[in-house]
Amino acid sequence: LVREVAIGWATGTEVEPQTGCTDPVTGLRTRGYLVARLQELYDAPEGARPWDAHALLVLDVRLDGASTTTRFRAGAIVGSVLLDVLGTGHPSAQLRPGLFAMLVDRATAPRTVTTVRARVDAVTAERFSGFGLESQLRSPARTWLEQLPDDATLCPSLVESLTL
């Protein structure tokens with residue numbers, strides 16, 4: 001009886017790990033959440049081609065060799081800019097330090113790319129110049145559109161390939 005009570009108590013008081021869908025550093029969604037949202041696009045009615053209507057906008061501010069503090073600061077700044085520009089209706093995530101991806105509508109993508117790049121460049125230059133850290137960031141930020149695969153099962157591979 002004592003053993004069963006002890007096991008029951010231990011099991012009942014285990015703390016589940018936090019598996020939220022928001023990255024606490026950037027304020028953006030997690031990479032796993034972004035992949036899930038990409039895959040949901042493929043649940044469209046028969047004949048719909050989500051890869052023709054959507055794309056991934058990838059933003060690279062290059063933080064290779066940057067200190068942990070600089071990586072956190074850049075993640076928070078870029079995350080804030082992306083939320084300001086895109087709002088919460090565009091799932092966005094930091095894929096690795098300095099590399100971000102957001103789901104965009106292909107019809108408005110060229111304007112979105114221009115706006116995101118300009119805002120990220122302006123805000124990061126302003127916020128990093130006072131610390132003498134602007135040389136650790138790519139400026140202008142590199143942006144490109146990534147074609148979505150024609151099969152939902154390939155979405156995780158696409159996102160993973162961007163982190164390499």
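Provided above is the structure to which this section pertains.
Draft legend 1. Expanded view of the overall build of the chain. Of regular secondary structure, the chain possesses six helices and four strands. Listing each helix as α and each strand as β along the chain from the N terminus yields α-α-α-β-α-β-β-α-β-α. The 164 residues of the chain split such that 37% are buried. Summed over all atoms, the accessible surface of the chain reaches about 9,300 Å², with 54% contributed by carbon and sulfur.

Draft legend 2. Representation of the nonpolar core in the model. Counting residues in hydrophobic clusters, the biggest one holds 24 residues, and the most contacted among them are Leu59, Val61, Leu82, Phe100, Met102 and Val120. Counting residues per element, the ones that place at least two in this core are strand E1 (54–60), helix H4 (68–86), strand E3 (99–105) and helix H5 (109–129). Setting aside residues no more than four positions away along its own chain, Met102 makes contact with Ala55, Leu56, Leu57, Leu59, Leu82, Leu86, Pro91 and Ser92. Listed in part, the 19 residues of the second largest apolar core include Leu41, Val58, Leu99 and Leu162.

Draft legend 3. Inspection of the environment of Arg37 at higher detail. Inspection of the secondary structure assignment puts Arg37 in helix H2 (residues 31–41). A relative accessible area of 29% means that Arg37 is categorised as partly exposed. For Arg37 and Ser92, which are 55 residues apart along the polypeptide, the C-alpha to C-alpha distance reads 9.9 Å.

Draft legend 4. Representation of the side chain of Ser92 in the model. Among the secondary structure elements, Ser92 is positioned in strand E2 (residues 92–96). With a relative accessible area of 5%, Ser92 lands in the buried category. In this structure the side chain of Ser92 is engaged in a polar contact, spanning 2.9 Å, whose partner is the backbone oxygen of His90.

Draft legend 5. Broad picture of the packing of aromatic side chains. In the structure shown here, the tally under the stated rule is one aromatic pair. For the pair Tyr42 and Trp51, a centre-to-centre distance of 5.9 Å together with 25° between the ring planes defines the contact as stacked. One residue, Arg29, lies across the ring of Tyr33, its end atom 4.9 Å from the ring centre.

Draft legend 6. Quick look at the sheet that holds strand E4 (residues 142–147). If you trace the four strands from one edge of the open sheet to the other, you get E2-E3-E1-E4, paired in antiparallel fashion. Strands at the two margins of the open sheet, each flanked by one partner only, are E2 and E4. Along the sheet, successive strands turn relative to each other by an average axial angle of 30°, direction set aside. Note that E1 and E4 share six bridges and pair antiparallel. Bridged to Leu56 within E4 is Glu146. Across the sheet, H2 touches E1, E2 and E3, and the angle it forms with E2 is around 125°. The strands that H5 touches are E1, E3 and E4; relative to E1, the one it contacts most, it runs at about 20°.

Criteria and cut-off values
Residues numbered from 1 in each chain as written. Predicted model: local features only at pLDDT ≥ 70, side-chain atom pairs only at ≥ 80, totals over all residues. Heavy atoms only, no water. Helix = DSSP H or I, 4+ residues; strand = E, 2+ residues; numbered from the N terminus. Buried < 20%, exposed > 50% of the residue type's maximum accessible area, 1.4 Å probe, protein only. Areas by Shrake-Rupley, 256 points an atom, 1.4 Å probe, with all protein chains shown as cover. Core = buried A, V, L, I, M, F, W, Y, C linked by side-chain atoms within 4.5 Å. Contact = heavy atoms within 4.5 Å. Polar contact = N/O pair within 3.5 Å; in protein donor to acceptor, adjacent residues only side chain to side chain. Phe/Tyr/Trp six-rings, centres within 6.5 Å; stacked < 30°, edge-to-face > 60°. Lys NZ or Arg CZ within 6 Å of the ring centre and 35° of its normal. Pairing = 2+ DSSP bridges. Axes fitted to C-alpha atoms, helices over the stretch in contact; angles between N-to-C directions.

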